[in-house]
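Now for the letters of each chain:
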Amino acid sequence: MPDSARPGAEGGSPDALPRLILTRPRAQAQDWVQRMARLGVACDCVPLLDIAPLDPAPARQAWERLASQALLMFVSPNAVEHFFAARPPGMSWPAHTLAATVGPGSAQALLRQGVPPALLRQPPPDSPSLDSEHLWPVLSGEAWQGREVLMVRGDGGREWLADRLREAGAQVGAVSVYRRQAPRLAPAEQAVLDRALAQPQAHVWLFSSAEAIDHLPALAGTTADWSRSRAIATHERIAQRARRLGLGHVVLTRPDAAAVATALQGPWD
């Protein structure tokens with residue numbers, strides 16, 4: 001792509017764009033750095049969540065019962081990673097078990113793990129938002145009465161989709177394969193945070209987790225002034241959390257690289 005066609009480039013210079021601050025866990029950040037670099041977007045990383053594994057025994061037990069499950073719902077790429085890390089040697093994905101998720105990153109992780117594309121369920125590509133509410137119409141046409149469903153997640157989370165499945169007659173269980181916790185920033189990461197607060201017009205935050213935003217006051221200090229800071233949020237709930245923190249300008253976009261690159265262009269004034 002020539003510089004003149006890069007998102008937000010002015011006068012052929014991608015330097016006109018503010019720097020994007022990625023806030024995903026470290027394990028997911030580099031993939032996003034590479035995606036954004038291909039679009040001419042320079043990124044820094046301030047991981048606002050740490051992901052830690054839980055005891056793998058419940059996940060191994062879930063694998064032993066996998067053939068009885070009609071559907072496994074994976075809430076994130078971390079859920080995919082930690083669940084498949086517990087897979088017993090030689091075990092493959094059952095030919096009749098569906099796998100569902102809401103985000104493209106999780107979908108790609110499932111395909112890499114060998115889940116057949118025909119068994120994958122996710123919101124349509126043109127959905128206005130990638131969340132449980134837009135996944136449910138894809139699943140609601142199935143007959144769920146008496147069928148077993150397993151939610152693969154972190155320690156806790158929304159019950160909205162599980163409740164819809166229960167209302168449809170499914171027997172819904174859950175297995176937690178990781179926990180989310182507050183991060184401890186490396187010196188370079190803390191320096192990015194400090195620069196972003198000192199030079200808010202030169203940076204735009206990318207928020208993909210409302211819980212992650214809650215860690216910013218402890219990391220930046222409760223007296224930090226967020227009123228001139230700008231952010232891109234991938235869901236309205238996340239945008240609301242950013243506004244409560246005090247960010248002065250928050251825009252919504254889908255959680256894919258091209259949409260984020262377009263949103264980064266602004267206008268921000």
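Each value, and the rule that gives it
Residues numbered from 1 in each chain as written. Predicted model: local features only at pLDDT ≥ 70, side-chain atom pairs only at ≥ 80, totals over all residues. Heavy atoms only, no water. Axes fitted to C-alpha atoms, helices over the stretch in contact; angles between N-to-C directions. Helix = DSSP H or I, 4+ residues; strand = E, 2+ residues; numbered from the N terminus. Parallel < 35°, antiparallel > 145°, perpendicular 65-115°, else oblique. Contact = heavy atoms within 4.5 Å. Nonpolar A, V, L, I, M, F, W, Y, C, P; charged D, E, K, R; others polar. Polar contact = N/O pair within 3.5 Å; in protein donor to acceptor, adjacent residues only side chain to side chain. Phe/Tyr/Trp six-rings, centres within 6.5 Å; stacked < 30°, edge-to-face > 60°. Buried < 20%, exposed > 50% of the residue type's maximum accessible area, 1.4 Å probe, protein only. Salt bridge = Lys/Arg side-chain N within 4 Å of Asp/Glu carboxyl O. Disulfide = S-S within 2.5 Å. Pairing = 2+ DSSP bridges. Core = buried A, V, L, I, M, F, W, Y, C linked by side-chain atoms within 4.5 Å.

Draft legend 1. Representation of the packing of helix α3 (residues 77–85) against helix α4 (residues 104–112) within the structure. Viewed as axis vectors pointing N to C, α3 and α4 meet at an angle of 20°, and their least axial separation amounts to 8 Å. Here α3 is positioned roughly parallel relative to α4, judged by the angle of their axes. Here Pro-77, Val-80 and Phe-84 of α3 lie close against α4, whose contacting residues are Gly-105, Ser-106, Ala-109 and Leu-110. A class-by-class count of the residues in the contact of α3 with α4 yields 5 nonpolar, 2 polar and no charged.

Draft legend 2. Structural detail: the side chain of Asp-50. Position of Asp-50 relative to the elements: it lies in strand β3 (residues 50–53). Reaching out from Asp-50, the side chain makes a polar contact with the side chain of Arg-26 at a distance of 2.9 Å. Not counting residues within four places of it along the chain, the set of residues in contact with Asp-50 comprises Arg-26, Arg-179, Arg-180, Gln-181, Ala-182, Pro-183 and Arg-184.

Draft legend 3. Focus on the packing of aromatic side chains. Per the counting criterion, the structure on display carries 10 aromatic pairs. Measuring from centroid to centroid gives 5.2 Å for Trp-63 and Phe-84, while their planes differ by 75°, and the two rings are edge-to-face. Separated by 21 residues along the polypeptide, Trp-63 in helix α2 (residues 57–64) and Phe-84 in helix α3 bring together distant segments of the chain. You'll find Trp-63 and Phe-84 in the same group, each marked buried. With a centroid separation of 5.6 Å and 70° between ring planes, the pair formed by Phe-74 and Phe-83 is classed as edge-to-face.

Draft legend 4. Structural detail: the environment of Val-204. Inspection of the secondary structure puts Val-204 in strand β9 (residues 203–207). Sequence separation between Val-204 and Cys-43 is 161 residues; the distance between their C-alpha atoms is 9.5 Å. Once residues lying within four places of it in the same chain are set aside, the contact partners of Val-204 are Pro-18, Arg-19, Leu-20, Ile-21, Arg-230, Ala-231, Ile-232, Leu-264 and Trp-268.

Draft legend 5. Fine view of the pattern of salt bridges. In total, this model carries 15 salt bridges according to the counting rule given. The partner of Glu-211 in a salt bridge is Arg-180, with the nearest N and O atoms 2.6 Å apart. Note that Glu-211 is positioned in helix α8 (residues 210–213) and Arg-180 in strand β8 (residues 171–181), a separation of 31 residues in sequence. For Glu-211, a relative accessible area of 30% translates into the label partly exposed. Several salt bridges share partner residues, and in doing so they unite Arg-153, Glu-159, Asp-163 and Arg-166 into one network.

Draft legend 6. Broad picture of the state of the cysteines. A complete count under the given rule lists 0 disulfides for this structure. The thiol sulfur of Cys-43 is not disulfide-bonded, and the nearest other cysteine sulfur, from Cys-45, lies at 6.9 Å. What makes Cys-43 buried here is its relative accessible area of 14%.

Draft legend 7. Structural detail: the sheet that holds strand β2 (residues 43–45). With parallel pairing, the 5 strands of this open sheet are ordered in space as β2-β1-β9-β10-β11. Unpaired on one side and paired on the other, β2 and β11 (249–252) mark the two borders of the sheet. The mean angle between the axes of side-by-side strands here comes to 25°, regardless of whether they run parallel or antiparallel. In this structure, strand β1 (residues 19–22) lies alongside β9, joined through 4 bridges in parallel fashion.

Draft legend 8. Spatial organisation of unusual backbone geometry. A cis amide bond links Gly-266 to the next residue, Pro-267, at an omega of 10°. Tracing the chain through its elements places Pro-267 in the segment after α11 (257–264).

Draft legend 9. Inspection of the nonpolar core at higher detail. One finds Phe-74, Phe-83, Phe-84, Trp-93, Trp-144, Val-152 and Leu-165 to be the most contacted residues of the largest nonpolar core, which totals 41 residues. Here this core gets 5 residues from one element, more than from any other, and that element is strand β4 (residues 69–74). Counting residues in hydrophobic clusters, the runner-up holds 23 residues, among them Val-46, Ala-210, Ala-242 and Leu-247.

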